[in-house]
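What follows is the residue order along each chain.
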Amino acid sequence: MPTVKQRLAALRHLFDWLVTGQVMPVNPAASVRAGKTPVLDPAEARTLLDCIDVGAVIGLLEDLLVQTSQHIGLS
């Protein structure tokens, strides 16, 4: 099973690739560090997801980041 550090590295790599492909201007996962980022409980994650405007490309990417981190156990 991958560690949290490995999962974060995979997310950083994904967003680096999106920045390189000019899909995103910056990597939102670049400053996230294992053990130093607060964890969201399920209700907080749901509130965050409900606030994201998925009608815009950046909103879809934000939604992807939050849902991916929830799915792989980072938050």
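Our structure's up above, just so we're on the same page.
The model shown is predicted, which means the values in this text are computed figures rather than measured ones.

Asks: Looking at this structure, I do not really get the nonpolar core. What am I missing?
Replies: Side chains of nonpolar character tend, in soluble globular proteins, to be buried together. Formed by Leu11, Phe15, Leu18, Met24, Ala29 and Leu61, the largest nonpolar core amounts to six residues. The dominant element in this core, judged by the number of residues it contributes, is helix H1 (residues 4-20), at three residues.

Asks: Sorry, what's going on with the environment of Ala45 here?
Replies: By secondary structure assignment, the location of Ala45 is in helix H2 (residues 42-51). Accessibility expressed as a relative area gives 2% for Ala45, which makes it buried. When the C-alpha atoms of Ala45 and Val66 are compared, they prove to be 7.6 Å apart, with 21 residues separating the residues in sequence. With residues up to four places along the chain from it excluded, the contact list for Ala45 reads Leu40 and Gln70.

Asks: Looking at this model, I keep getting lost on the packing of H1 against helix H3 (residues 57-71). Mind explaining?
Replies: Axes are the key here: two packed helices are described by the angle between their axes and the distance separating the axes. In the contact formed by H1 and H3, the axes pass within 12 Å of each other and the chain directions differ by 165°. In terms of orientation, H1 and H3 fall into the roughly antiparallel class. Here the hand of the crossing between H1 and H3 comes out right-handed. The residues of H3 that touch H1, namely those facing Leu11, Phe15 and Leu18, are Leu61, Leu65, Thr68 and Ser69. For the contact of H1 with H3, the class distribution of residues is five nonpolar, two polar and no charged.

Rules used throughout
- Residues numbered from 1 in each chain as written.
- Predicted model: local features only at pLDDT ≥ 70, side-chain atom pairs only at ≥ 80, totals over all residues.
- Heavy atoms only, no water.
- Core = buried A, V, L, I, M, F, W, Y, C linked by side-chain atoms within 4.5 Å.
- Buried < 20%, exposed > 50% of the residue type's maximum accessible area, 1.4 Å probe, protein only.
- Helix = DSSP H or I, 4+ residues; strand = E, 2+ residues; numbered from the N terminus.
- Contact = heavy atoms within 4.5 Å.
- Axes fitted to C-alpha atoms, helices over the stretch in contact; angles between N-to-C directions.
- Parallel < 35°, antiparallel > 145°, perpendicular 65-115°, else oblique.
- Left-handed = near helix turned anticlockwise from the far one by under 90°.
- Nonpolar A, V, L, I, M, F, W, Y, C, P; charged D, E, K, R; others polar.

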